[in-house]
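Examination of the molecular architecture
These are the residues of each chain, in order.
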Amino acid sequence: MANTRSAKKATRKIEARTEVNTARRSRVRTQIRKVEEAIAAGDQAAATEALKVAQPELMRAASKGVMHKNTASRKVSRLASRVKAIAG
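My aim in this report is to walk through the structure given alongside it, one point at a time. Bear in mind that the values here come from a model prediction, so they are computed numbers and not experimental data.

1. What about the side chain of Gln-31?
Examined against the element boundaries, Gln-31 turns out to sit in helix 1 (residues 5-41). Here Gln-31 is in contact with Val-53, Ala-54 and Glu-57, once residues within four sequence places are set aside.

So, in structure tokens, the structure goes:
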């Protein structure tokens, strides 16, 4: 248990950041799921639109430290290639 005032404050800050990060991670997962559902349905228009929403969300999560930049880029790249593949 935290003893000093600064340690107690640090604990409060960590809890607040954890809540924000959890919400952001959840938002990212939701956007990815929407893209994958559109891909599974074979609806390229919906998949493209969902990807346009998911990409900034992923990159925002990377810039805020929720996930690594390369992880976000990899996810965007793989989703984009899957969306492109359903065209043909």
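2. A look at a positive patch on the surface
A grouping of Arg-25, Arg-29, Arg-74, Lys-75 and Arg-78 is seen on the molecular surface, where their side chains present a positively charged patch. Within the residue set of the positive patch, elements represented by two or more residues are helix 1 and helix 3 (69-85). In terms of residues, the positive patch owes the most to one element, helix 3, which gives three residues. With respect to the element layout, Arg-29 can be found in helix 1. With a relative accessible area of 57%, Arg-29 lands in the exposed category.

3. Observations concerning the nonpolar core
With 18 residues, the main nonpolar core has Val-28, Val-35, Leu-58, Met-67 and Val-83 as its most contacted residues. Of the residues forming this core, the biggest block, seven residues, is contributed by helix 2 (residues 44-63).

Criteria and cut-off values
Residues numbered from 1 in each chain as written. Predicted model: local features only at pLDDT ≥ 70, side-chain atom pairs only at ≥ 80, totals over all residues. Heavy atoms only, no water. Helix = DSSP H or I, 4+ residues; strand = E, 2+ residues; numbered from the N terminus. Contact = heavy atoms within 4.5 Å. Patch = residues over 30% accessible without salt bridge, like charges linked within 9 Å, V, L, I, M, F, W, Y side chains within 5 Å. Areas by Shrake-Rupley, 256 points an atom, 1.4 Å probe, with all protein chains shown as cover. Salt bridge = Lys/Arg side-chain N within 4 Å of Asp/Glu carboxyl O. Lys, Arg positive; Asp, Glu negative; His and termini not counted. Charge placed at Lys NZ, Arg CZ, Asp CG, Glu CD. Buried < 20%, exposed > 50% of the residue type's maximum accessible area, 1.4 Å probe, protein only. Core = buried A, V, L, I, M, F, W, Y, C linked by side-chain atoms within 4.5 Å.

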